[in-house]
Amino acid sequence: MTADSGNTSVLVPQPLSDELEQLVQEAVSIDVKELLAEDGLPELDERTGRPKVLKAYVVHADPKMTVVPNFLSDEEIKHLLELSEDYWVQSMVGTGVYKTNDESKDLQNKPSPNRTSYSCMLRSSQTDLVRDVEFRLAQLAGIQVDYLERLNMVRYEPGQLFNRHHDGRFRPKTVFVYLNDLPENAGGETFFPNLGIKFVPRKGCAVMWSNVLGPGVDDERTIHQGLPPRTGIKFGVNCFFNDKPIKQMEAARISQEEDGLRARAARLGCKTFDPEQLFRDDVRELLPGQIRAFSLNQEPKLSVIPGFLNEDEASALAAMTQPAESRPVIDESCFARIEQKMALVAGLPQVNMEPLKGAQDEVLIEEFFKKGDILKAADCYYHTIVYCRDLTQNPQYYPDLKHTQEQRQSSKDLCESVFTNLALCQLKYAATFGTTASEERTKVLKEGAKSASEALKLNPKNAKALFRRAAATASLAQGNSNNEEAQQLCLEARADFLQVIEVDPQNREARVELKAVQELVKALKREEAEGEKKGWLRAEAAPWLQVNGATKCVVHMRCSTVAAEGSHSAPVTLSFILGDPDMHEGFHVAVKSMTVGEVASFTFSPSRFRATGSLVKLLPSTKEAQAKPSVWEITFLKYVTWEDLDCKGQRLRKIHSEGYGPFPEHLAEIFVHWKVVGPDNSLLHSSRYTLSMGADSGMSQVEDEDKPAPSYVLGEGAWEPISTLCRSLRQGGAGELWMRCLPAMPVQESLGNGMDASAQLSMMLNKAKEGASQDSLEHCVVRVELEKVVPPLAGPSDARWEGPSSVVQERFRAAQLLEKGDENAALARLRRVAAWCPQLSASEGASVSRDLGEARSGIGWILACRAAPILDSGSVTSDLIALAKKDLAEAEAHCKWLEVNHPDLAGTRLLRSKILLALDDDFAGAHEQLLEAQRSAPDNKTVQLSARHLESRRT
Ligand SMILES: O=C(O)CCC(=O)C(=O)O
Ligand SMILES: [Fe+2]
């Protein structure tokens, strides 16, 4: 509470210095003893011991400093000192920073070397005498006693002091009363350095000054300090007038703390309170001037204050409801008191209130209302209600009031009107939350409806209350997302509005509102019907959401971002595999709450843009969306379930049309036109292409519709993803492969059109690299049209059979495949040779006898080769061993046949050697066979290799 530091530091007393000692010496000393020497000692009342005429001396004009000799009597001083005995504690100073207008929040009381004295706080109205002193102080100050803080006794031992300070901007006035005389020149004066005056302590003498220039503005001129007494003990009492009605606030607080009502209030929660119950529970007597608040709710604070108004006040207020001509004479001064109490319970400065004078029954509250402070008004209504209702319903608690029947009736009327107005307050307050449902809005509206209901209990025909209840209920319906509940509320509101119209047929507002409610009911009914349909649609859509295993879902949606001003970005159509981590996570969430055809607006938080893949890059303005929440308009176009070919969503397959005829068999020649389309629908590759040279980039790839589709043999060199798709297509069929990325093409031999698939693909990749996006081959769709299926040659019965040359061709092809290392493909061809030959005529068969021998030795060799390592290994499963044994048995059968039919064939010896090794590890036998083989076919590479291999194993 310094003068100079404004609101930064509240109390920074300066230590006494020599310089200050000097100032004190030079200051004008004001001593009542000297004043009275001229004027004569005041004549004391024998009974009270106080001056018959109390004189106040203005010793300084601006700021006004007043001295009152013998303000307290010896008896009073003795009493105050007795009350303080045993209760002296170290004095504190308020430290902190002014932030609010409530110093109790801003300042903290702390011990300080700047105040070394002792203090004792008396309780408010602690005794009759204390209360009497308090009232006299209030009279002296011209301030209501409610603003007087608890009397603050001080005691200074020699050397103890209170350094330079200001009593606080929240204390408009200070009265300091000295409680004893000190020896002459013992010091202990109250020194005002800025005024250059000091007061000599004289028993019973009061000094009064103002601490403010205006509300909340320090008057730095009245900075002062309590100088240390050199000898003797100095007693005094600080009487601070606060800018808030602190006395009653404290009384209410003490009362609450004492009886632990807080806990009970908390338990009461927001249940309907019953003041009657509160009264019943609390039988303790209240001291005059004390009020007791029952706190029903902490946040927001709601208190009930029984006996808030005293008898006179209640009568005066109740009388105001009567017509002026029949109104009894009212002591209008009580309105000021009510005002003051209202202010104190509201915790708001009384200056904010309009005077009650000339009030109609509700003027006090109306005034608040007009200022737009709904909450303040509501607070007042609450308090008035508590009182009025109690007065009407529990007259037994007010035996002293002796109200007449009319007075009770008028109190009841007041109660009704106050409830009606409280409902309005609550409606207005609820309106500040807008029209969308919120917890607070709902709570307030429900309270509003309740208040109106209370008024209606007192008068069921109160049109205003009916209207307000209806309005509250209708508003509740408006924000309610539960259709059924909302409809019920509408019905209630409608009933009330109808009643308003019945009571007041001229009420246009009610008619308008009624119509609005009826519209709302219609809308709700519509929504209900749609909701059912929607629920059905969702149920229909449900299976695709539960896609599992090999079935996956591809979702097609159109999306655009919506800017703050409502403009849409150019829409982008997106197709993605549901659950694909490369896709914007938010879209997965979004799509799961939508049905096909639905347009929805979603706000995506930046964290939703976690996806890093190429697909998310196609979303409009995702950069912005990654920085801050963005609003998207999404249209759910369609969804398709796809078969997941590798169960990881890497390669989905969708058959658009299966075509006609049988499904292509293994080794069928298929003519496939395939295209690779990027996620943005751009054509990346077509298998029917021509190279166009000499363009800007030197070379470009152009689709050529006149070219035939390239052909592949299914199972031999066709790009595997395409052959997988083609196996489920008939000729003329079309399908799509949905690829998360284009897999590496297998190394393939040259195909029919002179360009193999890997070459095509590498061209395609190059083209993609030249293009804008290097990732454009991710999330591509391979569209396949199976233009022609040529079934594999069936055998001699096939129209395409060319006689023995077909066998030769087939065996040649098998040899090619074997050379390439494609043993399985070779095996398939060799088995066909073995199957066809016995179907030939004897002469034709003879011409291909050797081919048959080669074919059977080839089959046996392949089988023995794949069986041998398995039989060799001890760690394979018995299933595999069984398969290997079966292979070897078949090889043995071929071998036996060969040994009979083609004993000289190198392949026969080779096969035998292989079997010997695989079965018994018979190296000698195998070696012997190989030597024979070398003799018959010295140039056979397989024989030479096998011999070498055997040699290495033997050593
Ligand atoms: O002791 C005095 O003379 C003055 C005391 C004072 O100013 C205070 O307690 O605030
Ligand atoms: Fe002070």
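Residues numbered from 1 in each chain as written. Chains lettered and ligands numbered in written order. Predicted model: local features only at pLDDT ≥ 70, side-chain atom pairs only at ≥ 80, totals over all residues. Heavy atoms only, no water.

## Section: the overall build of the chain
- The secondary structure content of the chain amounts to 30 helices and 31 strands.
- In the chain, buried positions account for 48% of the 955 residues.
- Put simply, of all contacts in the chain between residues at least 6 apart along the chain, 68% involve residues at least 24 apart.
- Within the structure as shown, the chain displays about 46,800 Å² of accessible surface, and the carbon and sulfur contribution to it stands at 52%. (Helix = DSSP H or I, 4+ residues; strand = E, 2+ residues; numbered from the N terminus. Buried < 20%, exposed > 50% of the residue type's maximum accessible area, 1.4 Å probe, protein only. Contact = heavy atoms within 4.5 Å. Areas by Shrake-Rupley, 256 points an atom, 1.4 Å probe, with all protein chains shown as cover.)

## Thoughts on the coordination of the iron ion (ligand 2)
- Bound to the iron ion (ligand 2) on the protein side are His165 (NE2), Asp167 (OD) and His224 (NE2), at distances that span 2.1 to 2.2 Å.
- Accessibility expressed as a relative area gives 4% for histidine 224, which makes it buried. (Donors = N, O, S within 2.8 Å, 3.2 Å for Na, K, Ca; no water.)

## Details of the site of ligand 1
- Around ligand 1, the neighbouring residues are Arg115, Tyr156, Phe162, His165, Asp167, Phe176, Thr190, His224, Gly226, Lys234, Asn238 and Phe240.
- Within the contact set of ligand 1, an oxygen atom lies 2.4 Å away from a side-chain nitrogen or oxygen of threonine 190.
- Relative to its unbound accessible area of 290 Å², ligand 1 is 99% covered by the protein chains.
- Secondary structure elements with two or more residues in the shell around ligand 1: strand E9 (162–165), strand E16 (224–226) and strand E17 (234–241).
- Per-element accounting of the shell around ligand 1 gives the leading share, three residues, to E17. (Near = heavy atom within 4 Å. Polar contact = N/O pair within 3.5 Å; in protein donor to acceptor, adjacent residues only side chain to side chain.)

## Observations regarding the pattern of salt bridges
- Under the defined criterion, the tally for this structure stands at 39 salt bridges.
- The closest approach of N and O atoms between aspartate 582 and arginine 740, which form a salt bridge, is 3.7 Å. Within this pair, whereas aspartate 582 is found in the loop between strand E21 (572–577) and helix H18 (585–592), its partner arginine 740 is found in the loop between strand E30 (734–739) and helix H22 (757–770), the two being separated by 158 residues in sequence.
- With a relative accessible area of 14%, aspartate 582 lands in the buried category.
- On the basis of relative accessibility, which here comes to 18%, the residue arginine 740 falls in the buried class.
- Through salt bridges with shared partners, a single ionic network connects Glu716, Glu810, Arg813, Arg829 and Arg832. (Salt bridge = Lys/Arg side-chain N within 4 Å of Asp/Glu carboxyl O.)

## Observations regarding the sheet that holds E9
- In spatial order, the strands read E1-E12-E11-E16-E9; together these five strands make up an open sheet with mixed pairing. The sheet terminates laterally at strand E1 (28–30) and E9, the two strands that pair on one side only. The sheet shows a mean angle of 15 degrees between the axes of neighbouring strands, direction not considered.
- Across three bridges, strand E11 (residues 190–192) lies against strand E12 (residues 197–199) in antiparallel orientation. What sits directly across from phenylalanine 192, in E12, is isoleucine 197.
- Helix H1 (residues 18–26) rests against E1, E11, E12 and E16 of the sheet, and its axis sits at about 95 degrees to E11. (Pairing = 2+ DSSP bridges. Axes fitted to C-alpha atoms, helices over the stretch in contact; angles between N-to-C directions.)

## Section: the packing of helix H15 (residues 463–478) against helix H16 (residues 483–503)
- Running from N to C, H15 and H16 point in directions that differ by 160 degrees, and their axes come no closer than 8 Å. It follows from the interaxial angle that H15 and H16 lie roughly antiparallel. The chirality of how H15 crosses H16 is left-handed. Counting all contacts with H15, which are made through Ala463, Leu466, Phe467, Arg469, Ala470, Ala471, Thr473, Ala474, Leu476 and Ala477, the residues of H16 involved are Ala486, Leu489, Cys490, Glu492, Ala493, Asp496, Phe497, Gln499, Val500 and Val503. (Parallel < 35°, antiparallel > 145°, perpendicular 65-115°, else oblique. Left-handed = near helix turned anticlockwise from the far one by under 90°.)

## A word on the packing of helix H23 (residues 804–820) against helix H24 (residues 823–836)
- At a minimum axis separation of 8 Å, H23 and H24 run at an interaxial angle of 160 degrees. Judged on the interaxial angle alone, H24 and H23 are roughly antiparallel. Our pair here, H23 against H24, has a crossing hand that is left-handed. Each of Ser806, Val807, Glu810, Arg811, Arg813, Ala814, Leu817 and Leu818 in H23 lies in contact with H24, whose residues at this interface are Glu823, Ala825, Ala826, Arg829, Leu830, Arg832, Val833 and Trp836.
- Here the contact of H23 with H24 is built from residues that sort into nine nonpolar, one polar and six charged. (Nonpolar A, V, L, I, M, F, W, Y, C, P; charged D, E, K, R; others polar.)

## Concerning the pairing of E30
- Counted residue by residue, E30 has six buried out of six residues, so it is predominantly covered.
- Where strand E24 (residues 651–657) meets E30, six bridges bridge the pair, whose relative direction is antiparallel. Paired with leucine 652 across the strands is tryptophan 738, a residue of E30.
- Two elements, E30 and strand E31 (residues 781–790), share five bridges in a ladder whose sense is antiparallel. Within E31, the residue paired with glutamate 736 across the bridge is arginine 783.

## Topic: the nonpolar core
- Leu445, Cys490, Phe497, Ala510 and Val517 are the most contacted members of the largest nonpolar core, which totals 33 residues.
- For this core, the secondary-structure elements that each account for two or more residues are helix H13 (405–431), helix H14 (439–458), H15, H16 and helix H17 (508–545).
- When residues of this core are assigned to their parent elements, the largest contribution, nine residues, is made by H15.
- Domain assignment of the residues forming this core places at least three in each of domain 2 (307–432) and domain 3 (436–546). (Core = buried A, V, L, I, M, F, W, Y, C linked by side-chain atoms within 4.5 Å. Domains from an automatic or database assignment.)

## Structural notes on the sheet that holds strand E7 (residues 118–121)
- Read across the sheet, eight strands follow the order E2-E3-E13-E10-E17-E8-E7-E4 without closing on themselves; strand pairing throughout is antiparallel. One side of each edge strand has no neighbouring strand; the edge strands of this open sheet are strand E2 (57–60) and strand E4 (89–90).
- Along the sheet, helix H2 (residues 32–39) makes contact with E2 and strand E3 (65–68), crossing E2 at roughly 125 degrees.
- Contacts from helix H3 (residues 74–84) reach E7, strand E8 (152–156), strand E10 (173–178) and E17 within the one sheet, and its direction differs from that of E8 by about 85 degrees.

## Comments concerning unusual backbone geometry
- In the segment running from aspartate 62 into proline 63, the intervening peptide bond is cis, with an omega of 0 degrees.
- Residue serine 125 is not a glycine yet carries a positive backbone phi of 50 degrees.
- If you trace the backbone, serine 125 turns up in the loop between E7 and helix H5 (128–141).
- For serine 125, a relative accessible area of 12% translates into the label buried.
- Notably, leucine 667 is not glycine yet its phi reads approximately 75 degrees, a positive angle.

## Here we look at the environment of arginine 150
- Mapping arginine 150 onto the fold places it in the loop between H5 and E8.
- Distance from arginine 150 to serine 124, taken between C-alpha atoms, is 5.2 Å for residues 26 residues apart in sequence.
- Within the local environment of arginine 150, its side chain forms a polar contact with the backbone oxygen of leucine 122, the two atoms lying 3.1 Å apart.

## Digging into the confidence of the model for the chain
- With 75% of its residues at a pLDDT of at least 70, the chain reaches an overall mean of 77.
- When pLDDT is averaged over each helix and strand of the chain, the minimum, 37, is found for helix H7 (residues 261–268) and the maximum, 97, for E10.
- The low-confidence segment residues 532–544 (pLDDT under 50) makes 14 contacts with residues lying over four places distant or belonging to another chain.
- Note that pLDDT drops below 50 for residues 750–754; the model gives that stretch seven contacts with residues more than four away or on any other chain. (pLDDT = per-residue confidence, 0-100.)

## Examining a negative patch on the surface
- A contiguous patch of negative charge, built from Glu484, Glu485, Glu527 and Glu528, is present on the exposed surface.
- Among the secondary structure elements, glutamate 485 is positioned in helix H16.
- Taking the relative accessible area as the measure of exposure, glutamate 485 reaches 45% and is therefore partly exposed. (Patch = residues over 30% accessible without salt bridge, like charges linked within 9 Å, V, L, I, M, F, W, Y side chains within 5 Å. Lys, Arg positive; Asp, Glu negative; His and termini not counted. Charge placed at Lys NZ, Arg CZ, Asp CG, Glu CD.)

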